[in-house]
Amino acid sequence: MSLVSLSEVLQPALKQGHAVAGLVTLGWEDMRAYVAAAEAENVPVILQAGPSCREHTPLPVLGKMFAHLAERASVPVVAHLDHGYTAEECRIAIDSGFSSVMFDGSRKPLAENIAETAAIVEMAHAAGVSCEGEIGFVGYSGGENSDGTDPAEAAQFARETGVDAMAISVGNVHLQQDKEGGLDEPRIRAIEAVTEVPLVIHGGSGVPVAQRTALAQGSKICKFNIGTELRMAFGAAMRDAVNADSARFDRVQILKDTHEPLVTATRTVLRAFKGA
């Protein structure tokens, strides 16, 4: 298989009634495990480089890491910039071989968000790259509050930007560690009634698994971003590996012990998004 664009995995998901996981990566160990899990479940996967990942590893390096994994994978792999806050950041990602970018103008006034997102969509499409945008604001657990997506604004945003995927705020929250939140389904139905664009849920770790499956199979939500849930699994596996032998110091050996537990946790996540 090879690197594919976001549209190449989301359009089939929209038509066939399933969703694709956008898995938030922090380094080689987790991205490698995510691809192994996707291969084991025979599903496509979206590898996402968010702001904290980019602070640790430059975009040109991440692009090569994602491409290396994609070229050798038996399933489609998307290399996705998550929460790009500037046109320059999106341009660097495109130049670095990413097949998809997400421009986050959700903190800006509507007209500004539309204008800036539309310009990035044009730049991305000229390079054969997909673009995701966000309308409404998805808040953070213990931080900024959410601002729910207005269906009329979502319709305008989709129409005037030409985005390939649209992140919405419907009760989802970033960095949530439990699965007790639940999404506002009436708001989801109102949004999907006025647009044909595949919808995206950020903060998917906080969504109950049964609701993930029901929406993956029965709505226009085609992408769920999962980060916190798998970071917790990785952290637990690494803690066990370190504590198992106080004399160990070789980080390669320690990190190897995180692989299988993370693959197992990721496979569980991926299964929830499959079709009926």
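Anyway, here's the lowdown on the structure attached to this text. Since the structure is predicted, the reported quantities are computational estimates derived from the model, not experimental observations.

## Here we look at the side chain of D82
- Looking at the element boundaries, D82 is found in strand 3 (residues 77-84).
- Nearest to the buried, unbridged D82 among oppositely charged side chains is K223, at 5.2 Å.

## Remarks on helix 9 (residues 209-218)
- Along helix 9, the positions that sit buried rather than exposed are Q211, R212, L215 and A216. All buried residues of helix 9 lie within an arc of 130 degrees about the axis, which places them on one face of the element.
- The inward-facing, buried residues of helix 9 contact helix 8 (185-192), strand 8 (221-226) and helix 10 (228-243).

## Comments concerning the packing of helix 8 against helix 9
- Packing of helix 8 against helix 9 brings their axes to within 13 Å, and their N-to-C directions diverge by 15 degrees. One element, helix 8, and the other, helix 9, form an angle in the roughly parallel class. Regarding helix 8 and helix 9, the two cross each other, and that crossing is right-handed. Contacts between helix 8 and helix 9 involve E185, I188 and R189 on the former and, on the latter, Q211, L215 and G218.
- Class assignment for the residues of the contact of helix 8 with helix 9 results in two nonpolar, two polar and two charged.

## A word on the sheet that holds strand 4 (residues 100-103)
- Judged by pairing direction, the barrel is parallel, and its eight strands sit side by side in the order 1-2-3-4-5-6-7-8 before closing back on the first. With direction set aside, neighbouring strand axes in the sheet form an average angle of 25 degrees.
- Judged from the four bridges that link them, strand 5 (residues 130-135) and strand 6 (residues 165-168) form a sheet pairing that is parallel. Its bridge partner being in strand 6, I135 is matched across the sheet by I168.

## Observations regarding helix 6 (residues 110-126)
- Between its first and last C-alpha, helix 6 extends 24 Å over 17 residues, near the 24 Å set by a 1.5 Å rise per residue.
- Turning to helix 6, its buried residues number three or more, namely N113, I114, T117, I120, V121 and A124. Looking straight down helix 6, one finds that the buried residues subtend no more than 140 degrees of arc, so they occupy a single side. Seen from the buried face of helix 6, the exposed residues on the opposite side, beyond 90 degrees, are A111, E122 and A126.
- Lining the buried residues of helix 6 we find helix 5 (87-95), strand 4, strand 5 and helix 7 (151-161).

## Examining unusual backbone geometry
- Within the chain, N42 stands out as a residue other than glycine whose phi angle is a positive 55 degrees.
- On the secondary structure map, N42 appears in the loop between helix 2 (28-41) and strand 2 (45-49).
- Residue classification places N42 among the exposed positions, given a relative accessible area of 61%.
- In this model, H83 sits at a positive phi of 55 degrees, which is unusual for a non-glycine residue.
- On the secondary structure map, H83 appears in strand 3.
- For H83, a relative accessible area of 5% gives the class buried.

## Quick look at the pairing of strand 6
- The alternating pattern of strand 6 places A165 and A167 on one face and M166 and I168 on the opposite face, and all of these are buried.
- Examined bridge by bridge, strand 6 and strand 7 (residues 199-201) share two bridges and lie parallel to one another. Across the sheet, M166 pairs through a bridge with L199, a residue of strand 7.

The rules behind these values
- Residues numbered from 1 in each chain as written.
- Predicted model: local features only at pLDDT ≥ 70, side-chain atom pairs only at ≥ 80, totals over all residues.
- Heavy atoms only, no water.
- Helix = DSSP H or I, 4+ residues; strand = E, 2+ residues; numbered from the N terminus.
- Buried < 20%, exposed > 50% of the residue type's maximum accessible area, 1.4 Å probe, protein only.
- Lys, Arg positive; Asp, Glu negative; His and termini not counted.
- Salt bridge = Lys/Arg side-chain N within 4 Å of Asp/Glu carboxyl O.
- Arc of directions from axis to C-beta.
- Contact = heavy atoms within 4.5 Å.
- Axes fitted to C-alpha atoms, helices over the stretch in contact; angles between N-to-C directions.
- Parallel < 35°, antiparallel > 145°, perpendicular 65-115°, else oblique.
- Left-handed = near helix turned anticlockwise from the far one by under 90°.
- Nonpolar A, V, L, I, M, F, W, Y, C, P; charged D, E, K, R; others polar.
- Pairing = 2+ DSSP bridges.
- Expected span 1.5 Å × (residues − 1).

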